[in-house]
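# Working through the structure, step by step
These are the residues of each chain, in order.
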Amino acid sequence: MRSSRRQLRAHDPAARPVLALLTAALAIPAAGLVALPALANSPLLDSVKQNPQLARSLCNDLRALNAQGISSTSPKAVAMVASRQGLNKTDAEILTTYVVGLHCPEVR
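Remember, predicted model here, so these are calculated numbers, not experimental data. In this convention, every chain numbers its residues from 1, walking through the sequence in written order. The predicted nature of this model means local features are confined to residues of pLDDT at least 70 and side-chain atom pairs, given and counted, to a pLDDT of 80 or more, with totals for whole chains, interfaces and linings taken over all residues. Note: side-chain values were computed over all heavy atoms of the structure, leaving out hydrogens and water.

Attention shifts here to the pattern of salt bridges. A pair is scored as a salt bridge if a Lys or Arg side-chain nitrogen falls within 4 Å of a carboxyl oxygen belonging to Asp or Glu. What the rule picks out here adds up to four salt bridges. A salt bridge links K89 to E93, with the nearest nitrogen and oxygen atoms 3.9 Å apart. Of the two residues, K89 and E93 both sit in helix α5 (residues 89–103), four residues apart, roughly one turn of that helix. Only DSSP runs of H or I reaching four residues or more are called helices, and only runs of E reaching two or more are called strands; each is numbered from the N terminus.

Here's what the structure looks like:
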């Protein structure tokens, strides 16, 4: 007598939804592990947390650029933040994103 249980294999069309679900279930915890370093304190972001006047100043500068039709993520805006804060381009992009997100979300 044959067993009614069917063994699923990767090439079997019936196995695809099961494998997709399993892959997603394994990816979710892995994605969380990647985000853990982002939770660490950053001196760059702490500088704005501890100095709200700096955040306000950056917001005002970015609002002025917006008034000229320049996005806060544009190369010109990033270069302005980098030069005023003595940062490299990557750090200026991070700082700009952080400041806009927390202190002036209306800035685009």
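On we go.
Moving on, we get to the nonpolar core. Core analysis: the biggest nonpolar cluster contains 22 residues, and V48, L62, V81, L95 and V99 have the highest contact counts within it. Within the residue set of this core, elements represented by two or more residues are α2 (43–49), α3 (52–67), α4 (75–85) and α5. The leading source of residues in this core is α3, at six residues. We call two residues in contact whenever any of their non-hydrogen atoms come within 4.5 Å of each other. Other than its neighbours up to four places away in sequence, V48 contacts L54, A55, L95, Y98, V99 and H103. Remark: nonpolar core denotes a set of buried residues (Ala, Val, Leu, Ile, Met, Phe, Trp, Tyr, Cys) joined through side-chain atoms within 4.5 Å. Each residue gets one of three labels from its accessible area relative to the maximum for its type: buried under 20%, exposed over 50%, partly exposed in between, using a 1.4 Å probe on protein chains only.

Another aspect to go through is the state of the cysteines. Cysteine sulfur atoms that pair up within 2.5 Å are treated as a disulfide. The full count for this structure, using the stated rule, is one disulfide. Each sulfur in the disulfide pair C59 and C104 lies 2.2 Å from the other. Here the S-S torsion is close to -85°, and the disulfide linking C59 with C104 is therefore left-handed. Of the two residues, C59 sits in helix α3 while C104 sits in the segment after α5, which places them 45 residues apart along the sequence. Across the pair, C104 and C59 agree in class, each one buried.

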